[in-house]
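This is what each chain is made of:
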Amino acid sequence: MTEAAVSVEDVSKRFRMYRERNQSLKAALMRGKRATFEEFWALRDVSFEIPEGSTFGLIGDNGSGKSTLLKCVARILQPDMGRVVTRGRVAALLELGSGFHPELSGRENVYLNGSILGMRRKELEAKFDEIVDFSGIESFIDQPVKNYSSGMYVRLGFAIAINIDPDILLVDEILAVGDAAFQQKCMDKFADFRKAGKTVVIVSHAMGSLRSMCDHAAWLKKGHLVEVGTTAQTVDDYVDATHVERAPVAVAAKSTHQPDDGSRWGSGEATITGVELLGADGAQHTRFRTGDLVTVRLEYDFTERIEQPVFGLSITTLEGAYLWGFNSRDGECVPDTLEGKGSIEMTVPAIMLQPGTFEVTASIIDFTCTHTFDYLRNCVRFDMDRGVPRESGGPVALGGSWGNLQRVDRVGVPGAAVEGRS
Amino acid sequence: MSITSDLWASREILSNLTMREVRGKYKRSILGQAWSLLNPIASLAIYTVVFGFVLKATPPPGEPSGIDVFTLWLACALLPWNFFAATMMGGMNALLGNANLVQKVYFPRYTLVVSNMLASLVTFGFELLVLAAIAVILGSQIWIWIPLVLVFVALLALFGLGIGLMLSIANVYFRDTAQFVGIFLQMWFYATPIVYPVTLIAATQAEWAAKGRDFPLLWFYQLNPMERFVQIFRDLLYDNRLPPWGDMAYCVGAAAVSMALGSWVFSRYQGRIAEEL
């Protein structure tokens, strides 16, 4: 086992919740004490070690003490009990550009902020060009930072923090910095950082990126440590435990047809009055596992007789990537005519989506697929958890398998085939 | 961990924070750094008119320098006082004013208070240079006293810093500290022989004694360390004489006590600053 870069030993942190935040001397003298307050433990007896060179995730619900713990590691807060031992220089990316003086130029602020973060002048001089280059604001470096846009401000702050070469980097949900190009630069920098064997501690709610970035994780719940271990295991357990069913999306009746609302349109002779996702038990769910049976049930209301109507369904990722589409014409289930109310179901025997959040779009169109009676974009949202098959990333699972490893020895003669997977 | 090695380790951050204070203070004002001289000149002018001409305060001429210029006499005490007040008030606001920094980054917290003192010291240094030049033009022989002046500038800085350290913590826990100190500082100003000579106090005591009220007014009056500091600066710069040994020892003691108390209070309470802000 490598040595711990950070060891958290029985750390407890207590906060005072003031009933009336009265910081006046009068109140103190009148009552003989400062103010009435309730104590609450933001962290209670938390102990774990973060191995050197690991990328470590802190997960938990809001208010579980993740950020408090991060601040204790960063020495901004002092634990009331226990201690945090860190080995090496710690840099915290809690709020970028805090400590910039608005009237001073970018250049002056680089030196100021760098020294606050613990850099020597010589190091800063050596790194200065790199910092400015990384931030991408060369032409503004001698302007006072108050003239900077918020993006430039944060970019310069990030560039300083990431370039001070810490041994331990603490990150609190800051990857949403700047434009896509800058984010890519940040991710590259993180990757270099990890390759260099530095330790990174990340607090995040984005389970997907945690899964792909971290190797270890700790799960906090109301200040207590629930679990610490490999990221895959911890994140899975966390997601399982916080199994939240989404509130079903009520589909508006046709009377509320709003043509200006981009999420619903159509001529309205036939409308969708309900979209439900049903599990294998026949009950409504919004959370499934990879490989589960899923049935989509559409309820409709036809105000007039329509010949050969076609029902359509599609699934997109939250980011809007179109993953799948299937209509009842291709599914060979088209009635000759339809009128009145009713429902139709589309069943997927094993849903091949990887963990993430997805949206369903439903529609009713005519047989030629040229006329739209009703179109409901992103009317139902659902979440996927890990199931079987278990694959590594991306939105879709393809049910692949690894095997048939062929070894070729150095002189190029095929060797014996090795069974890659038992 | 000794204080000096700690200070040495954070010299970079101290110098940068000090630069921030000095450069940031007058940025975007047309006169810029000139304000740091114009401000004391203006208050010197006001006090000269009010106390020199209207109230006719007549300090004894410099002994042995023989100088008799009210404004110079005033400046020799007012400038050190201004430095002390700036160190104390600035130190008091150093933590609260940098709340965003304290809550987001770890660095030695006392550097905020110390750098504030250093920034005031830079201003005071310029003022002293100008004051010394004028004193020399008016016939003051300050040359041999320069080392002692520097020693007492340092002692005054430590005295103010110690109080600043205490007040900076107090101000985090009780926001009224700033208001309270504002009033207290005014009282302190007039309880120190800056705009009037200390002989007035001695005269009052004699008057009382004549009426049969024996009260050691001067003794109490001289408990105020700033009285000693101000008198010492006057002795050195205006009168060109060696200050009484008792006064000098008193100043050393005051600076030591202030720093001891200040650093004790600060190190004891600094841990919770980030959450109390």
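Residues numbered from 1 in each chain as written. Chains lettered and ligands numbered in written order. Predicted model: local features only at pLDDT ≥ 70, side-chain atom pairs only at ≥ 80, totals over all residues.

In this section: the overall build of chain A. Helix and strand counts for chain A stand at eight helices and 18 strands. For chain A, with 422 residues in total, the buried portion stands at 34%. Contacts spanning at least 24 positions in sequence make up 69% of the contacts within chain A whose residues lie at least 6 apart. (Helix = DSSP H or I, 4+ residues; strand = E, 2+ residues; numbered from the N terminus. Buried ≥ 20, exposed ≤ 12 C-beta atoms within 10 Å, placed from the backbone. Contact = placed C-beta atoms within 7 Å.)

Turning our attention to the pairing of strand S15 (residues 322-327) of chain A. Residues and elements named next belong to chain A. Relative to S15, strand S14 (residues 310-317) runs antiparallel, the two being bridged by five bridges. Within S15, the residue paired with Gly-312 across the bridge is Asn-327. The hairpin formed by S14 and S15 contains four residues between the paired strands, and Gly-320 there has a positive phi angle of roughly 100°. (Pairing = 2+ DSSP bridges.)

Turning our attention to the interface of chain B and chain A. Listed as interface residues are 24 residues of chain B and, on the opposing side, 26 residues of chain A. At six residues, helix H2 (residues 11-25) of chain B tops the list of elements feeding residues into the side of chain B that touches chain A. In terms of residue class, the side of chain B that touches chain A is made up of nine nonpolar, five polar and ten charged. (Nonpolar A, V, L, I, M, F, W, Y, C, P; charged D, E, K, R; others polar.)

The next subject is the sheet that holds strand S6 (residues 168-172) of chain A. Residue and element names in this part refer to chain A. Strand order in the open sheet formed by six strands is S5-S6-S7-S3-S8-S9, and the pairing between neighbours is mixed. Every interior strand has two partners, whereas the edge strands, strand S5 (90-93) and strand S9 (224-230), have only one. Neighbouring strand axes in the sheet, compared pairwise and without regard to direction, differ in orientation by 15° on average. (Axes fitted to C-alpha atoms, helices over the stretch in contact; angles between N-to-C directions.)

Let us look at the pairing of S14(A). Here S14(A) pairs with strand S17 (residues 356-365) of chain A via eight bridges, running antiparallel. Paired with Phe311(A) across the two strands is Ile364(A), which belongs to S17(A).

In the predicted model, chain A carries a mean pLDDT of 81, and 84% of its residues have values of at least 70. Note that pLDDT drops below 50 for residues 252-261 of chain A; the model gives that stretch seven contacts with residues more than four away or on any other chain. (pLDDT = per-residue confidence, 0-100.)

Attention now goes to unusual backbone geometry. Residues Val388(A) and Pro389(A) are joined by a peptide bond in cis, for which omega reads 0°. Examined against the element boundaries, Pro389(A) turns out to sit in the segment after strand S18 (372-385). Note that the residue after Glu63(B), namely Pro64(B), is joined by a cis bond; omega there is 10°. On the secondary structure map, Pro64(B) appears in the loop between helix H3 (35-54) and helix H4 (70-97). Within the chain, Asp45(A) stands out as a residue other than glycine whose phi angle is a positive 50°. Relative to the elements of secondary structure, Asp45(A) occurs in strand S2 (residues 37-51). By the C-beta count within 10 Å, which is 14 here, Asp45(A) ends up partly exposed.

Okay, the confidence of the model for chain B next. For chain B, per-residue confidence averages 89 on the pLDDT scale, and residues scoring 70 or more make up 98% of the total. At the level of chain-chain contacts, confidence expressed as ipTM amounts to 0.75, with global pTM at 0.72.

This part is about the sheet that holds strand S16 (residues 337-348) of chain A. Residues and elements named next belong to chain A. Strand order in this open sheet of three strands is S11-S13-S16, and the pairing throughout is antiparallel. A single partner strand is all that each edge strand has here, and the edge strands are strand S11 (270-278) and S16. Averaged over neighbouring strand pairs, the angle between their axes works out to 15° when direction is ignored. Inspection of the sheet shows strand S13 (residues 294-307) paired to S16 by eleven bridges, in the antiparallel sense. Looking at the pairing, Ile-306 lines up with Leu-338 of S16.

All names here are of chain B. Look at helix H7 (residues 146-173) against helix H8 (residues 177-190): their axes get within 8 Å of each other, and the N-to-C directions meet at 135°. When the interaxial angle is binned, H7 and H8 end up oblique. Across the interface between the two elements, Leu-167, Ala-170 and Asn-171 from H7 touch Thr-177, Ala-178 and Val-181 from H8. Looking at the contact of H7 with H8 residue by residue, the class counts come to four nonpolar, two polar and no charged. (Parallel < 35°, antiparallel > 145°, perpendicular 65-115°, else oblique.)

Turning our attention to the nonpolar core. If you look at the biggest cluster of nonpolar residues, it comprises 131 residues, and the most contacted ones within it are Leu170(A) and Val201(A). Top element by residues in this core is H4(B). It accounts for 16 residues. By size, the runner-up hydrophobic cluster in this structure holds 27 residues, among which are Phe288(A), Leu298(A), Val360(A) and Cys379(A). (Core = buried A, V, L, I, M, F, W, Y, C linked by C-beta atoms within 7 Å.)

The first and last C-alpha atoms of H4(B) sit 38 Å apart over 28 residues, in line with the 40 Å expected at 1.5 Å per residue. Roughly 25° is the biggest bend found in H4(B), and it falls at Cys76(B), with proline Pro80(B) one to four residues downstream. (Expected span 1.5 Å × (residues − 1). Bend = angle between axes of the 7 residues up to and from the residue.)

Residue and element names in this part refer to chain B. Mapping Arg-268 onto the fold places it in helix H12 (residues 245-269). Judged by C-beta crowding, with 10 C-beta atoms within 10 Å, Arg-268 ranks as exposed. Linking Arg-268 and Ile-169, residues 99 residues apart in sequence, is a C-alpha distance of 9.7 Å.

Taking 1.5 Å of rise per residue, the 15 residues of H2(B) would be expected to cover 21 Å, and the 21 Å separating its terminal C-alpha atoms lies within 8% of that figure. Those residues of H2(B) lying buried are Glu12(B), Ile13(B), Leu14(B), Asn16(B), Leu17(B), Thr18(B), Met19(B), Arg20(B) and Glu21(B). Looking at the buried side of H2(B), the elements it contacts are helix H3 (106-116) and helix H4 (121-135) of chain A together with helix H6 (110-137) of chain B.

Turning to the packing of H4(A) against helix H5 (residues 150-163) of chain A, a few remarks are in order. All names here are of chain A. Where H4 contacts H5, the axes come no closer than 8 Å and their chain directions differ by 140°. Relative to H5, H4 is oriented oblique. Judged by the sense of rotation from one axis to the other, the crossing of H4 with H5 is right-handed. Along the contact surface, H4 presents Lys-127, Glu-130, Ile-131, Phe-134 and Ser-135, while H5 presents Arg-155, Leu-156, Ala-159, Ile-160 and Asn-163. Within the contact of H4 with H5, the residues separate by chemical class into five nonpolar, two polar and three charged. (Left-handed = near helix turned anticlockwise from the far one by under 90°.)

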